[in-house]
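A structural walkthrough
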Amino acid sequence: MPQAQLDYGPADALLVVDMQNDFCEGGALAVAGGNALVPGINAEIAAARAGGAPIVASRDWHPIDHVSFVHRGGPWPVHCVQDTPGADFHPELDLDADTLRVSKATAFDADAYSAFDGTGLADYLRERGVTRVIVCGLALDVCVRATVLDARRHGFETLLLESLSAAVDPQAVADCRAAFDGAGAKVMP
């Protein structure tokens, strides 16, 4: 999936959503094609760095017995448990010490899909003069969708890099595109 890198500047932020081992092939909640996204995302990270744009990597960071797990009545198998290999970022993802890591869904009794949900990320980005958020990662129809829609709700110009995102259910992509369009988010195929 070749992706032309965008021109980034300090008013942009690249938001890489949940590129974690449990969401890539071989993980507890794998999304088909997750591993294949890494080289293209790394190229975007390099372009963002070169342009002086902040890079944010969100992650599920669940406590043991999180409310979203099936054995607690939730919809998902156990995944991305804090301090386990499954919760680690993909080993080939080019995150450096300057990458802001945002942990979500950290409370036992509440789930969070968006990187903006309960993290303070919107205020953090605004304080740094960010006006446009570029989003990619996993999964397009779950956490990427929630993050794109929340970015718009927080007033950011928002661009989804669809070719650098993959869905749990490919049938849901058309609905996602319609939701993004309705919210005023742009989608780059």
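Everything below is about the structure printed above this text.
The structure contained in this document is the topic of the report that follows.

Right, let's talk about the packing of aromatic side chains for a bit. Summed over the entire model, instances satisfying the criterion amount to one aromatic pair. When the ring centre of tryptophan 61 is taken as origin, the NZ or CZ atom of arginine 59, which lies over that ring, is 3.8 Å away.

A word on the pairing of strand 5 (residues 157-166). Every regular strand shows the same layout, with side chains that alternate between the two sheet faces. When you tally the buried positions in strand 5, you get nine out of ten residues, the bulk of the element. Handedness of the strand 4 (residues 132-138)-helix 3 (residues 140-153)-strand 5 crossover: right-handed.

That bond from leucine 138 to alanine 139 is cis: its omega, -20 degrees, falls within 30 degrees of zero. Here alanine 139 is to be found in the loop between strand 4 and helix 3. In this structure, aspartate 65 takes a positive phi of about 65 degrees despite not being glycine. Here aspartate 65 is to be found in the loop between strand 2 (55-60) and strand 3 (100-104). Positive phi outside glycine occurs at alanine 105, with the angle close to 60 degrees. Following the sequence through the fold, alanine 105 ends up in the loop between strand 3 and helix 2 (121-127). Using a relative accessible area of 6% as the deciding quantity, one classes alanine 105 as buried.

Looking now at the side chain of aspartate 12. Position of aspartate 12 relative to the elements: it lies in strand 1 (residues 12-17). Among the polar contacts made by the side chain of aspartate 12, one reaches the side chain of arginine 132 at a distance of 2.7 Å. Leaving out residues up to four positions away in the same chain, aspartate 12 has contacts with Asp7, Ala53, Pro54, Val130, Arg132 and Ile134.

The next point concerns empty space enclosed by the protein. The tally for this structure, following the rule as stated, stands at one cavity of 30 Å³ or more. Its boundaries defined by the atoms lining it, the largest cavity holds a volume of some 130 Å³. Looking at the largest cavity, it is lined by 17 residues, and the ones nearest its centre are Phe23, Leu29, Asp60, Val142 and Cys143. Here the lining of the largest cavity is composed, by residue class, of eleven nonpolar, three polar and three charged.

By size, the foremost hydrophobic cluster in this structure holds 61 residues, and its most contacted members are Tyr8, Leu15, Met19, Ile41, Leu93, Leu125 and Leu138. Put simply, the parts of the chain that give this core at least two residues each are strand 1, helix 1 (38-51), strand 2, helix 2, strand 4, helix 3, strand 5 and helix 4 (173-183). With seven residues, helix 3 is the largest single contributor of residues to this core. Other than its neighbours up to four places away in sequence, isoleucine 41 contacts Val16, Met19, Leu93, Cys136, Gly137 and Leu164.

What follows is about helix 3. Within helix 3, eleven of the 14 residues are buried, leaving the element largely enclosed by the surrounding structure. Of all the positions in helix 3, only Leu140, Asp141, Val142, Cys143, Val144, Ala146, Thr147, Val148, Leu149, Asp150 and Ala151 are classed as buried. Buried residues belonging to helix 3 abut strand 1, strand 2, strand 3, strand 4, strand 5 and helix 4. Looking one or two residues past helix 3, glycine 155 carries a phi angle of roughly 90 degrees, positive in sign.

Turning to the sheet that holds strand 1, a few remarks are in order. The sheet built from six strands is open, its strands ordered 3-2-1-4-5-6 with parallel pairing. Either end of the sheet is taken by a strand with one partner, and the two such strands are strand 3 and strand 6 (186-188). Within this sheet the neighbouring strands show an average axis-to-axis angle of 25 degrees, counted without direction. Here strand 1 pairs with strand 2 via four bridges, running parallel.

Here we take up the pairing of strand 2. Taking burial as the measure, the six residues of strand 2 include six buried ones, the bulk of the element. Taking every second residue as pointing to the same face, both faces of strand 2 are buried, with Ile55, Ala57 and Arg59 on one and Val56, Ser58 and Asp60 on the other. Read from strand 1 through helix 1 to strand 2, the crossover connection turns out right-handed. Where strand 2 and strand 3 come together, five bridges link them in parallel fashion. In the sheet register, valine 56 faces strand 3, and the bridge partner there is leucine 100.

About the cut-offs
- Residues numbered from 1 in each chain as written.
- Predicted model: local features only at pLDDT ≥ 70, side-chain atom pairs only at ≥ 80, totals over all residues.
- Heavy atoms only, no water.
- Phe/Tyr/Trp six-rings, centres within 6.5 Å; stacked < 30°, edge-to-face > 60°.
- Lys NZ or Arg CZ within 6 Å of the ring centre and 35° of its normal.
- Buried < 20%, exposed > 50% of the residue type's maximum accessible area, 1.4 Å probe, protein only.
- Helix = DSSP H or I, 4+ residues; strand = E, 2+ residues; numbered from the N terminus.
- Right-handed = clockwise from strand over helix to strand, strands pointing away.
- Polar contact = N/O pair within 3.5 Å; in protein donor to acceptor, adjacent residues only side chain to side chain.
- Contact = heavy atoms within 4.5 Å.
- 1 Å grid on protein atoms, 1.4 Å probe; cavity = no way out; pocket = protein on both sides within 12 Å on 5 of 7 lines; lining within 4 Å.
- Points joined across faces, edges and corners; volume = space filled by probe spheres on them.
- Nonpolar A, V, L, I, M, F, W, Y, C, P; charged D, E, K, R; others polar.
- Core = buried A, V, L, I, M, F, W, Y, C linked by side-chain atoms within 4.5 Å.
- Pairing = 2+ DSSP bridges.
- Axes fitted to C-alpha atoms, helices over the stretch in contact; angles between N-to-C directions.

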